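Listed here are the chains, written in short residue letters.
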Amino acid sequence: SEVEFAFRYSKSKIIAITGSNGKTTTANLVFSILKKAGCNVDIAGNIGFSYAKIVAEKEPDYIVLEISSFQLDGIVKFKPDIAILLNITSDHLDRYNNDMQLYIASKFKIVSNQTAEDSFIYFKDDKLIEEQLSQHTLSSLKYPFTISKKIKNGASLIGDEIIISLTKNVLKMSVLDLALQGKHNACNTMASVIAAQILGVKNDVIRESLIDFRNIEHRLEPVLKVHGVQYINDSKATNINAT
């Protein structure tokens, strides 16, 4: 596959993001944080240009990749330094003979080649992800995020506050201050911040990025108010869970 081909010629540190929903927003947020931190970073994959084009034309220190199940199906040796799995919900099942297990297996290929030096960020509240983790032993360092309870070495949403805690590095922030609103975006934010902290980005840079981030169009995009009614363009929602 194109992703597999490009990886064999790539020397960049890879942050790869997959999931049924939220991939593009999270990829853009990780890219935005690293860019604000002054990193030599690019974004590719299922968004913007192909991974191969970036590898062929330049060699950034970091590449943020949005990866779909379609791209993961062709992986042999591809291995991200940081893998993010946001969620798994029913989608594209026509491609997988209406077998949900095949779709789940495709998503988990993002961590199949990771070693103890790599990191895996995942949504702990997703039952399908938790079930899959209980059946497999992963070599990578695991960093969960959750909206149900406070956890160590990961991220939590407690009331209106997100708490990201990696060893002694703790970042707390009110969701009311985030540019991205909604619980699903709190999850996208927590995953992004964990990745940024793993890469050593300072908390003040992360905080600033979360406040002034502008998402790409068609994703909960405010349009206008008419007689006090706020109209939102969310036309990117491609399945019921996304809506």
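To be clear, the structure that these remarks concern was listed above.
My aim in this report is to walk through the structure given alongside it, one point at a time. (Residues numbered from 1 in each chain as written. Predicted model: local features only at pLDDT ≥ 70, side-chain atom pairs only at ≥ 80, totals over all residues. Heavy atoms only, no water.)

### Digging into the overall build of the protein
Point 1. A tally of helices and strands in the protein yields eight helices and eleven strands.
Point 2. Taking 243 residues into account, the globule formula puts the C-alpha radius of gyration at 18 Å, and the protein, at 17 Å, falls close to it.
Point 3. Across its three principal axes, the protein shows a C-alpha extent of roughly 55 × 40 × 40 Å.
Point 4. Taken across its 243 residues, the protein has 51% of its residues classed as buried.
Point 5. Counting contacts in the protein only where the partners sit at least 6 residues apart, residues at least 24 apart contribute 60% of the total.
Point 6. Taken as two groups, the 28 positive and 27 negative side-chain charges of the protein have centres that lie 4 Å from each other. (Helix = DSSP H or I, 4+ residues; strand = E, 2+ residues; numbered from the N terminus. Rg over C-alpha atoms; globule rule 2.2 N^0.38 Å. Buried < 20%, exposed > 50% of the residue type's maximum accessible area, 1.4 Å probe, protein only. Contact = heavy atoms within 4.5 Å. Lys, Arg positive; Asp, Glu negative; His and termini not counted. Charge placed at Lys NZ, Arg CZ, Asp CG, Glu CD.)

### Things to note about the packing of aromatic side chains
Point 1. For the structure on display, the rule yields six aromatic pairs.
Point 2. For the pair Phe 5 and Tyr 9, a centre-to-centre distance of 5.3 Å together with 55° between the ring planes defines the contact as tilted.
Point 3. Both rings, one in Tyr 51 and one in Phe 78, keep their centres 6.5 Å apart while their planes meet at 80°; by these two values the pair is edge-to-face. In this pair, Tyr 51 is assigned in helix α3 (residues 51–57) and Phe 78 in the loop between α4 (69–72) and β4 (82–85), connecting sequence segments 27 residues apart. Assigned by exposure class, Tyr 51 and Phe 78 land together as buried.
Point 4. Within the aromatic cluster, the residues linked to one another by ring pairs are Phe 7, Tyr 51 and Phe 78.
Point 5. We note Lys 53 situated over the ring of Phe 49; from NZ or CZ to the ring centre the distance is 5.0 Å. (Phe/Tyr/Trp six-rings, centres within 6.5 Å; stacked < 30°, edge-to-face > 60°. Lys NZ or Arg CZ within 6 Å of the ring centre and 35° of its normal.)

### Remarks on the sheet that holds strand β9 (residues 169–174)
Point 1. The strand order across the open sheet built from nine strands is β2-β3-β1-β4-β5-β6-β7-β8-β9, with neighbouring strands paired in mixed fashion. Each of the sheet's edge strands pairs with one partner strand only, and the pair in question is β2 (41–45) and β9. Adjacent strand axes in the sheet meet at a mean angle of 15°, parallel and antiparallel pairs treated alike. (Pairing = 2+ DSSP bridges. Axes fitted to C-alpha atoms, helices over the stretch in contact; angles between N-to-C directions.)

### Regarding the nonpolar core
Point 1. By size, the foremost hydrophobic cluster in this structure holds 73 residues, and its most contacted members are Ile 15, Tyr 51, Val 64 and Phe 145.
Point 2. With eight residues, helix α7 (residues 183–198) is the single largest residue contributor to this core.
Point 3. With residues up to four places along the chain from it excluded, the contact list for Tyr 51 reads Glu 2, Val 3, Ala 6, Phe 7, Ser 10, Ile 14, Ala 44, Gly 45, Ile 63, Leu 65 and Phe 78. (Core = buried A, V, L, I, M, F, W, Y, C linked by side-chain atoms within 4.5 Å.)

### Digging into helix α2 (residues 23–36)
Spacing of three or four residues puts side chains on the same side of an α-helix, whose turn is 3.6 residues.
Point 1. The end-to-end C-alpha separation of α2 is 20 Å, in line with the 20 Å expected for 14 residues at 1.5 Å each.
Point 2. Every buried residue of α2 is accounted for by Lys 23, Thr 24, Thr 25, Thr 26, Ala 27, Asn 28, Leu 29, Val 30, Phe 31, Ser 32, Ile 33 and Leu 34.
Point 3. Positioned one or two residues after α2, Gly 38 has a phi angle of 85°, which is positive. (Expected span 1.5 Å × (residues − 1).)

### Re helix α6 (residues 127–135)
Point 1. Within α6 the residues assigned to the buried category are Ile 129, Gln 132 and Leu 133. For α6, the buried positions fall inside an angular range of 100° around the axis, keeping them on one side. Opposite the packed face of α6, turned more than 90 degrees from it, sit the exposed residues Lys 127, Ser 134 and Gln 135.
Point 2. Near the N-terminus of α6, the side chain that reaches the backbone nitrogen of Leu 128, with its oxygen 3.0 Å away, is that of Asp 126. (Arc of directions from axis to C-beta. Polar contact = N/O pair within 3.5 Å; in protein donor to acceptor, adjacent residues only side chain to side chain.)

### Regarding the packing of α2 against α7
Point 1. Following both chains from N to C, one finds α2 and α7 inclined at 40°, their axes separated by 9 Å at the closest point. Taken together, the axis directions place α2 and α7 in an arrangement best described as oblique. Pair α2 / α7 crosses with right-handed handedness. Contacts between α2 and α7 involve Thr 25, Thr 26, Leu 29, Val 30 and Ile 33 from the former and Asn 185, Asn 188, Thr 189, Ser 192 and Ala 196 from the latter.
Point 2. Taken together, the residues that form the contact of α2 with α7 break down as four nonpolar, six polar and no charged. (Parallel < 35°, antiparallel > 145°, perpendicular 65-115°, else oblique. Left-handed = near helix turned anticlockwise from the far one by under 90°. Nonpolar A, V, L, I, M, F, W, Y, C, P; charged D, E, K, R; others polar.)

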